[in-house]
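Remarks on the overall topology
One letter stands for each residue in the lines below.
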Amino acid sequence: MATEQNTLSVTIFGSEYKIKGADPDYIGEVAAYVDEKMRELDRRLSPSGSPAKIAILASLNIADELFREREEKSRLLTELKGRAQNLGSALDACLRE
């Protein structure tokens with residue numbers, strides 16, 4: 001990983017990509033994550049798939065992770081809102097007594 005005037009060079013699955021205008025530490029972390037996901041798939045596929053196929057499968061796996069996290073976040077927010085309403089109602093009842 002090399003930087004040059006707001007341009008970061010990262011290697012993902014053996015290919016180098018230059019990315020401009022981003023936080024180098026964050027982009028490096030994201031690139032390493034994508035690289036690892038692609039390498040995991042490459043190890044599991046037998047015989048090894050093409051880089052394009054591996055990239056598409058990695059993208060689908062990462063998108064699946066994102067969708068599951070969004071669903072969990074939504075579920076937790078709904079649960080927290082319910083708890084906050086219950087606590088608010090209990091507090092109101094205590095204050096009226």
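Residues numbered from 1 in each chain as written. Predicted model: local features only at pLDDT ≥ 70, side-chain atom pairs only at ≥ 80, totals over all residues. Heavy atoms only, no water.

Some remarks on the side chain of S9
- With respect to the helices, strands and loops of the structure, S9 is situated in strand β2 (residues 7-12).
- For S9, a relative accessible area of 10% gives the class buried.
- One polar contact links S9 to E16, side chain to side chain, over a distance of 2.5 Å. (Helix = DSSP H or I, 4+ residues; strand = E, 2+ residues; numbered from the N terminus. Buried < 20%, exposed > 50% of the residue type's maximum accessible area, 1.4 Å probe, protein only. Polar contact = N/O pair within 3.5 Å; in protein donor to acceptor, adjacent residues only side chain to side chain.)

Details of helix α1 (residues 24-44)
- Under the 1.5 Å per step criterion, the end-to-end length of α1 is 30 Å for 21 residues, consistent within 8% with the ideal 30 Å.
- Considered for burial, the residues of α1 that qualify are I27, G28, A31, D35, K37, M38 and L41.
- Those residues of α1 that are buried are in contact with β2, β3 (15-20) and α2 (51-96). (Expected span 1.5 Å × (residues − 1). Contact = heavy atoms within 4.5 Å.)

Brief notes about the pattern of salt bridges
- Applying the stated criterion across every chain, the model contains eight salt bridges.
- The salt bridge involving R75 is made with E79; its shortest N-O contact spans 3.0 Å. With R75 and E79 both in helix α2, this residue pair falls four residues apart, about one helical turn.
- Take E79: its relative accessible area is 32%, and that puts it in the partly exposed class.
- The residue R83 makes a salt bridge to E79 at a minimum N-O spacing of 3.1 Å. With R83 and E79 both in helix α2, this residue pair falls four residues apart, about one helical turn.
- Among the ionic contacts, a cluster of salt bridges with common partners joins E72, R75, E79 and R83. (Salt bridge = Lys/Arg side-chain N within 4 Å of Asp/Glu carboxyl O.)

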